[in-house]
Structure formats: C-alpha cells, structure tokens
There are 2 protein chains.
Amino acid sequence: MSDIPAFNPPTRILMGPGPSGANPRVLRAMTAPLLGHLDPEFLKIMDECRSMLRRVMRTENQVTLATPGTGTSGMEAAVMNLVRPGDRVVSGVCGYFGERITQMAERAGGTVTKVTAPWGSPVDPAAIESAVKANGPVQLVTIVHAETSTGVQQPIEAIAKIAHDAGALLVVDCVTSLGGVPVEPDKWGADAVYSGTQKCLSAPPGVSPITLSAAAWDRVKSRETPSNTWYLDLSLLEAYWDERRAYHHTAPISMIYALHEAVALVLEEGLEQRWARHERNGRALQNGLEAMGLVLHADAGFRLPVLTTVRIPEGVADAEVRGALLKRHSIEIGGGLGDLRAKVWRIGLMGESSTEGNVLLFLSSLGKILREHGFKADLRAGLAAATARLEQP
Amino acid sequence: MSDIPAFNPPTRILMGPGPSGANPRVLRAMTAPLLGHLDPEFLKIMDECRSMLRRVMRTENQVTLATPGTGTSGMEAAVMNLVRPGDRVVSGVCGYFGERITQMAERAGGTVTKVTAPWGSPVDPAAIESAVKANGPVQLVTIVHAETSTGVQQPIEAIAKIAHDAGALLVVDCVTSLGGVPVEPDKWGADAVYSGTQKCLSAPPGVSPITLSAAAWDRVKSRETPSNTWYLDLSLLEAYWDERRAYHHTAPISMIYALHEAVALVLEEGLEQRWARHERNGRALQNGLEAMGLVLHADAGFRLPVLTTVRIPEGVADAEVRGALLKRHSIEIGGGLGDLRAKVWRIGLMGESSTEGNVLLFLSSLGKILREHGFKADLRAGLAAATARLEQP
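Small disclaimer: the values here were computed from a predicted structure and weren't measured.

Q: Could you give me a rundown of the overall build of chain A, with the residues and numbers involved?
A: When helices and strands are tallied, chain A shows 14 helices and 14 strands. In terms of C-alpha radius of gyration, chain A reaches 21 Å, essentially the compact-globule figure of 21 Å for 393 residues. Seen through its C-alpha atoms, chain A measures out along the principal axes to roughly 60 × 60 × 45 Å. Within the span of chain A, comprising 393 residues, buried residues form 61% of the whole.

So, in structure tokens, the structure goes:
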C-alpha cells in the first residue's frame, strides 16, 4: 500500500562512537523463533549468557546479568540501586558520561561532589582522594573507564583503593571498553561495572551487561526504601535471573539471543587476542592521523584504542566533512558532544568495526576530503605510519 | 570450542500471555545492517514509526514514541513522569498489572488509593468515582485496559469521564490490547496510553509504544522536580524523537526496525480486520473450552478475546498439563499469577498466534491431555463449538 513506508536501510561502515557493525551471526541469531521468557530452553540461554558474561567481564560475581535496555539502562540500574537518599557521592567527571552519572545520582537523592578534569584528560586520583576526605563519610565513588565523549581511558585501580580505604563503593562505567580493552572488576576492586552491547561487543543496542560485587549486592539488599526505579530494580532483576525465576518483565528475547552469540564470539576469538586487535588497529589509526598532520585530542598515555578523538583543523567545516564521509564512502563517524561540539571528531574502531581495512579506508577517505576543504593532509605519510603499526602484533 | 554453548532455540507455538509468535518479516527486519542512532536514514525510520504508531494507536497526539525497553518500561515512563511527589493517585486494581502500577506510583512519591475488584472482574467505575471524590483533589487515575493476569477487558470511557470531571489525568495500560482489540485514546479521553510489542503487535519484546495527550504533556513539561528516572524521562525521550534530535540514549536500532515492520503489517491487514480476526479466534476458543466442559474464569461480557483464562479442573495438576503441552505439542500457555497461581491457565491468541489452526490444535491437544489426567473433556463438542464460531465473520 502506497501510504505504508517501505523498509530498506542502507549499509554503513560504522566508525562512530557506537553502534559498531554487528557480526552477521549475531544478527542471524535474532531471527531464531521466539521463546517464552519462562520457557526452560530460554532460561538455559539466560544461564549461558550469565556464565559467558562472567568470563567476558573477568569476574566471579554472582550478580551478573543484562538489564533490559541500552547502555544507559545499566548506568541507571547501577546508580539508582546503589545511591540511597542522603548518600554522599563523589563523582569523577571528565566528559559527557561522567556528567550523566552525576545527574542520575542527584535524581536518586544523593548529595554529589563532582571532581572534574578537562575534557581530554583523565580525572586525577589525588583530587578524588581530597574530595572523599573533605566530604566524608562518602558512600559511593563513580568514574567512567572509557569516556566516549573524549576518548580518554581512565586508570581505575588507584581510585578503587581510595574508595575502599574510605569505606565507599566504586561504580565504573565500562560501556565503551568491555570487549575492546581490559575490563577487570575483580582485579580492580570495582563494585559495580556496567556496559553496552553496541560498542566492542558488536551486538545491536538493547541490553546492558552489569555485574555487582558482594559488597554492592549487600548494599542493594539492605536498602530501607526501594530504589526509584521499578523497571531497573536490581533486586527484582536478580530474582528473575537467578534460580528463583520470579517473573519481573518479559525479557527482550531476541536481544538476549544476540547477546548470547556476541559473547560467544568474544570468547571464541579470545579476550587477549581481541584486546590486541583493538590496540593494533586503534594505534595504527592514531599514528596515521598524526602523520597526516592532525592533532589527537586526548592526552597521550590515556588514549583509548577503541575511540579516538581528533581535533578538527582550523577553518574546516565539521558537518560537511562528516556528510561527505557518509555520502561518498558510507562511513559514519561521530561529532563532538557538549564542550567539544564542532571541535573534534570521534572515530570508533570497536568490535567488528575494528579492522585493518577500516583503518586504511578511513584514513584515505578523510585525507582526500580534507584536501578538498583546504587542509593539506599528508596522505602518503598517514598511510605509511598506519601500515607500519598494523604490521606489528 | 567445547566450553562455548551452541545456540539452537527450538520452535514453539506461543499461546501464553506473551510473547506471541513474530511474523518472519519482522524477524528478518532485525537482520538489516545497523545504522547509527543519528543517521538521517535512521531518523527517517523513527519518523515513519511515529507516524504509523499514531495510526495504530488511533491518536493525533504529538508525543507518540517507543520507550527503549519492554512493556514495563512504558508503564514506568507513564507513571514516573506523570506522578509528582505528593500527588494523589487513584489506582484501579483487579489483577497483577494494576498492582504493579500502584507500586510504581508509590515509588514516584504518590499517595495512592487503591480501588480493587476480584481477580476476574473489571473495576467498578462507581467505586473509582467514590474514591476520587473521597480523596480529592486527585491528580491521576490509573487503570488497566487488558489485565493480562485475569483475561478481563476493562471499559474505559466511564472512568475517563470521572477522571476528567475531577480534573485528573487518566493513564491506561494497553500492553495486551493494542493491535488486538480497539484501543482509542482520543475517543476514550485517555491521557497516557502505553503498550508492548510482544503481544498483539507480534514483534519481539524490547520497545514500548506510548502516547501522551496535550494535557499529560503539559504535566510532564511543568514538573518542578525531574522524574525519578533519567533513562525513561519523557522530556528527554521526546527531545530525541522530535525534530530537536537531542542525543539521549543509543536507540535499540534493531528493535525499532522490528517495530517498523510490525506496525506496517498491522496497517496492511487493517485495524478493523485485525480486531475481527482476534475476536473470531478468541470467541471460538472460549466457546470450545466451555463446550468441552471447562469453566472460563473472567466475568462474561468482560472477556478479552486475545487472552483467555480458564479454570484448572479439580484434581488436575497445573504443571504436568502445561509440561505435556510444551513437550508433546510445542505449545506454550501461561500459568496463573499471584492469587490465581495453580488455579487458572492463561491462553493467548495474539497477533501472529491468533489463527484458526492454533485454536483447533490447542483444543485438541488440551482435550487429549486432560482425559489422560482424569478429566472427561468432551473433545467432539469442543471442536464443533469452535468450528461453528470460526465460520462466522
């Protein structure tokens, strides 16, 4: 019928801040026939997801599950369940997502002290320590491991020690890091870690892996008032994910199928090999961009391999370059968020999108477009630098 | 690798309270390549979803969108955004889902008066009216249109009039009714209506259609404190769905694809034709069950065609019968929830699952199993009664 729109989405090369390209096996899994959310065969798939998630998240935590929403639902679950009205929270903020955690903690009734750093640098653990001491007793410290708005990778262990020495719990946002760079809740001493599926796990967005330490779980169970959220109440979610199988919501069946195959693919590749692939391709891209004459935005030594921020050269129009990449080459990259709007581009090399071919195609495409816009990108040097890095392990 | 579980879910005939079977075209849509959540082609798909949702939901409401979670996320969005701390709420409760709304309204800071009815009857509008008058001024009235736990269809218009005469807004849960029986927010005068995708729309669970009247939207916009939830904050969600396109969350891309094709299929079939199909198959099943000697649980005159509750005959074991249906015939039906646990079965005929073949197969399978369990089901009479109703339009 003519008034019912046809459905034919085009194919893109997804090199923005997420979603990344999905593995065909993950997409195919979603066409499997639906099962009921209490069907024994579906419960078995949930158990397998849970067990594989523990391996991918390198944790022994009992409470490890996927919240029924995109990455932000994991953030909301962690914050709304762990922050009780009146709790004192110290929130490390060096980008858009740190800021978002702060907003949620305030909605949960927390009294939040922000510890900020410039957008492009990590948060200084010493500043966290001062804030924890000045505002004690602090119940919760929050930090973003991979700040998707700036491309900064935040070291976690020092902050975990500060939190624990003060008797506080630590929440770590790993939306953009899980499956791409080492995420180690148990080794770090992180009490709540959540992620998304559409970044380095390369499944469509729709569920959010989360894991809680025994101490975090005690905090959730001992709440005197229930959390603000019913949909993302971890006590109710865990009662469905564990052997009680108490009905809470109708699980997003097809998304759980996708998650099952996405984490299976991670384990089949091997976590160490996968981290090495992301490291190799990310550094090749970064070396290539610098050799072309561009300036990386994030501080050296704290650059995520999976998400690179590069400064837009003086006089070059942000939207036109991104438009040309999309129209001519079907490549999506991201613009800047918040303070970095029109100042940087965000280039993701996550999961299935992290390939040698994408590194070279992107450098070549961007170089040519930049030259049309009056910036003399040294394309030859850029490709040489990238190739040299790609040849290393 | 041997320690990575294989993925091969079996095929079921889904005749429980949801999910229902999905149309293959909907499942196929989810294998389309992922687009970025701000890609112009994806925004066009969102606009088309919005416009088709307005037609399926029979509303002119500007604020019509899909929340990024299963049906319960629609409930949480409606309740958490419309209930402000201290608001007085009258909540009609005649089953599990009415109770759930009450719990959410309390978490949102509302003072809730419950108006109950036995599980199997609708809520009496006169009782709502008394509660509204006794607790005035009341800001919100909530009611469930299709109570999935009891199989009762609640008349809405009288309750809408009571709410509006008292200056209150009306929230209506249509999770199980949309696409199966008439849902008419504008005609009813309902201010917030939400649904799920996995019932009569026959898509996988994962997003929740919701629509708000102008009055409801004014309430949301004029809040002095933000809603408890950030993830399901309708002000933020609408700013992404409307022309502002302000980033809020990474949309569940593949689920929006599925929604697009699910609502297109509803419009292609035609809403009236679809309602008639659900009515025909549902009444055929109900006539068949009664002719077999079983007793329907919901009050006559208030029985949903899309979800039938039937009493488990004395001495027949609930779990064994459901187990035999699943094992021998691959048919899933639902057990009772809450007060109706082990007392009724819940049989869904929703969306793709609402077929003549499923009615006959189910009656035949159940009849044979019941006879093995000592209940003398009159299978011949049951099939004859069903067939007679299936022959009518």
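Q: Give a description of the pairing of strand 11 (residues 307-311) of chain A that names residues and reports values.
A: Residues and elements named next belong to chain A. Extensive coverage of strand 11 is indicated by the burial of four of its five residues. As paired elements, strand 11 and strand 14 (residues 344-348) share five bridges and run antiparallel to each other. The partner of Arg311 across the bridge, within strand 14, is Val344.

Q: Talk me through the environment of A:Gln139; I want residue IDs and the actual numbers.
A: Residue and element names in this part refer to chain A. Within the element layout of this structure, Gln139 appears in the loop between helix 5 (125-134) and strand 5 (140-144). Note on Gln139: 21 C-beta atoms within 10 Å, which makes it buried. Beyond its immediate chain neighbours, meaning those up to four positions away, Gln139 contacts Asp87, Arg88, Val89, Ala168 and Leu169.

Q: How would you sum up the packing of helix 2 (residues 40-56) of chain A against helix 10 (residues 253-269) of chain A? Please name residues and give values.
A: All names here are of chain A. Where helix 2 contacts helix 10, the two axes come as close as 9 Å, and the packing angle between them is 40°. In terms of orientation, helix 2 lies oblique with respect to helix 10. Crossing hand, helix 2 versus helix 10: left-handed. Where helix 2 abuts helix 10, its residues Phe42, Ile45, Met46, Glu48, Cys49, Met52, Leu53, Arg55 and Val56 lie against Ile253, Ile256, Leu259, His260, Val263, Ala264, Val266 and Leu267.

Q: Pulling in residues and values, what's your account of helix 8 (residues 214-221) of chain B?
A: Residue and element names in this part refer to chain B. Taken residue by residue, helix 8 has Ala216, Trp217, Arg219 and Val220 as its buried positions. The arc that holds the buried residues of helix 8, viewed along the axis, is 155°, so those residues lie on one side. Relative to its buried face, helix 8 has exposed residues pointing more than 90 degrees away, namely Ala214, Asp218 and Lys221. The inward-facing, buried residues of helix 8 abut strand 2 (63-67), helix 3 (71-82), strand 8 (169-173), strand 9 (192-194), strand 10 (208-212) and helix 9 (234-241).

Q: For the relation of the copies chain A and chain B, give the residues involved together with the corresponding values.
A: The operation relating the two chain copies consists of a rotation about an axis and a shift along that axis. Mapping chain A onto chain B calls for a rotation angle of 180° and an axial translation of 0.0 Å; the resulting RMSD is 0.0 Å. In the structure described here, the two chain copies are related by an operation that fits a two-fold rotation axis. Residue A:Gly69 of chain A places its C-alpha closer to the rotation axis than any other residue of that unit, at 2.6 Å. Of all interface residues in chain A, 100% are interface residues in chain B too; the two copies therefore contact each other through one and the same surface.

Q: Provide a residue-level description of the interface of chain A and chain B, including the pertinent values.
A: Between chain A and chain B, the contact holds 60 residues from the first and 61 residues from the second. When contributions to the side of chain A that touches chain B are tallied by element, the ones reaching two or more residues are helix 1 (24-29), helix 2, helix 3 (71-82), helix 4 (96-107) and helix 10 of chain A. Of the residues forming the side of chain A that touches chain B, the biggest block, eight residues, is contributed by helix 10 of chain A. Each residue belonging to the side of chain A that touches chain B can be placed in one class, and the counts come to 30 nonpolar, 20 polar and ten charged.

Q: Explain the domain arrangement of chain A to me, using residue names and the numbers behind them.
A: Residue and element names in this part refer to chain A. Structurally, chain A comprises domain 1 (24-268) and domain 2 (270-390). Using only C-alpha atoms to locate each centre, domain 1 and domain 2 end up separated by 28 Å. Each partner contributes residues to the interface: domain 1 has 23 residues there, and domain 2 has 23 residues. Residue composition of the side of domain 1 that touches domain 2, grouped by class: eleven nonpolar, eleven polar and one charged.

Q: Give a description of the sheet that holds strand 10 of chain B that names residues and reports values.
A: Residue and element names in this part refer to chain B. The strand order across the open sheet built from seven strands is 2-10-9-8-5-3-4, with neighbouring strands paired in mixed fashion. Both edges of this open sheet fall to strand 2 and strand 4 (111-116), since each of them pairs with a single strand only. Between one strand axis and the next, the sheet turns by 15° as a mean value, whatever way the strands run. For strand 9 and strand 10, the ladder comprises three bridges, and the chain directions are antiparallel. Opposite Ala192, over in strand 10, you have Leu212 as the bridge partner. Where helix 2 (residues 40-56) meets the sheet, its contacts fall on strand 2 and strand 10, and the angle it forms with strand 2 comes to roughly 110°.

Q: Lay out the sheet that holds strand 13 (residues 334-335) of chain B with the relevant residues and their values.
A: Read across the open sheet, the three strands follow the order 11-14-13 (chain B); overall the sheet is antiparallel. Single-partner strands in this sheet number two, and they are strand 11 (307-311) and strand 13 of chain B.

Q: Before we move on, could you go through helix 5 (residues 125-134) of chain B and cite the residues and values that matter?
A: Residues and elements named next belong to chain B. Where helix 5 is concerned, the buried positions are Pro125, Ile128, Glu129, Ala131 and Val132. Projection of helix 5 onto a plane perpendicular to its axis shows the buried side chains occupying an angular sector of 165°, all on one side. With respect to the buried face of helix 5, the exposed residues turned more than 90 degrees away are Ala126 and Ala134. On the buried face of helix 5, the contacting elements are strand 3 (88-93), strand 4, strand 5 (140-144) and helix 6 (157-165).

Q: Which residues make up the pairing of strand 5 of chain B, and what are the values?
A: All names here are of chain B. Burial runs high along strand 5: five of the five residues are buried. Covered by surrounding structure in strand 5 are Leu140, Thr142 and Val144 together with Val141 and Ile143, the residues of both alternating faces. Where strand 5 and strand 8 come together, five bridges link them in parallel fashion. Across the sheet, Ile143 pairs through a bridge with Val172, a residue of strand 8.

Q: Tell me about unusual backbone geometry, and name the residues and values.
A: Put simply, A:Gly18 and A:Pro19 share a cis peptide bond, and its omega is 5°. Of note, A:Pro19 is situated in the loop between strand 1 (13-14) and helix 1. Positioned with a positive phi, B:Ser330 is a non-glycine residue whose angle comes to about 55°. Relative to the elements of secondary structure, B:Ser330 occurs in the loop between helix 12 (318-329) and strand 12 (331-332).

Q: Before we move on, could you go through the environment of B:Leu201 and cite the residues and values that matter?
A: Residues and elements named next belong to chain B. With respect to the secondary-structure elements, Leu201 resides in the loop between strand 9 and strand 10. C-alpha separation for the pair Leu201 and Val263, spaced 62 residues apart in sequence, amounts to 6.9 Å. Dropping the residues within four chain positions of it, Leu201 is found in contact with Leu178, Gly179, Ala262, Val263, Val266 and Gly351.

Calculation criteria
- Residues numbered from 1 in each chain as written.
- Chains lettered and ligands numbered in written order.
- Predicted model: local features only at pLDDT ≥ 70, side-chain atom pairs only at ≥ 80, totals over all residues.
- Helix = DSSP H or I, 4+ residues; strand = E, 2+ residues; numbered from the N terminus.
- Rg over C-alpha atoms; globule rule 2.2 N^0.38 Å.
- Buried ≥ 20, exposed ≤ 12 C-beta atoms within 10 Å, placed from the backbone.
- Pairing = 2+ DSSP bridges.
- Contact = placed C-beta atoms within 7 Å.
- Axes fitted to C-alpha atoms, helices over the stretch in contact; angles between N-to-C directions.
- Parallel < 35°, antiparallel > 145°, perpendicular 65-115°, else oblique.
- Left-handed = near helix turned anticlockwise from the far one by under 90°.
- Arc of directions from axis to C-beta.
- Least-squares fit on C-alpha atoms with pLDDT ≥ 70 in both.
- Nonpolar A, V, L, I, M, F, W, Y, C, P; charged D, E, K, R; others polar.
- Domains from an automatic or database assignment.

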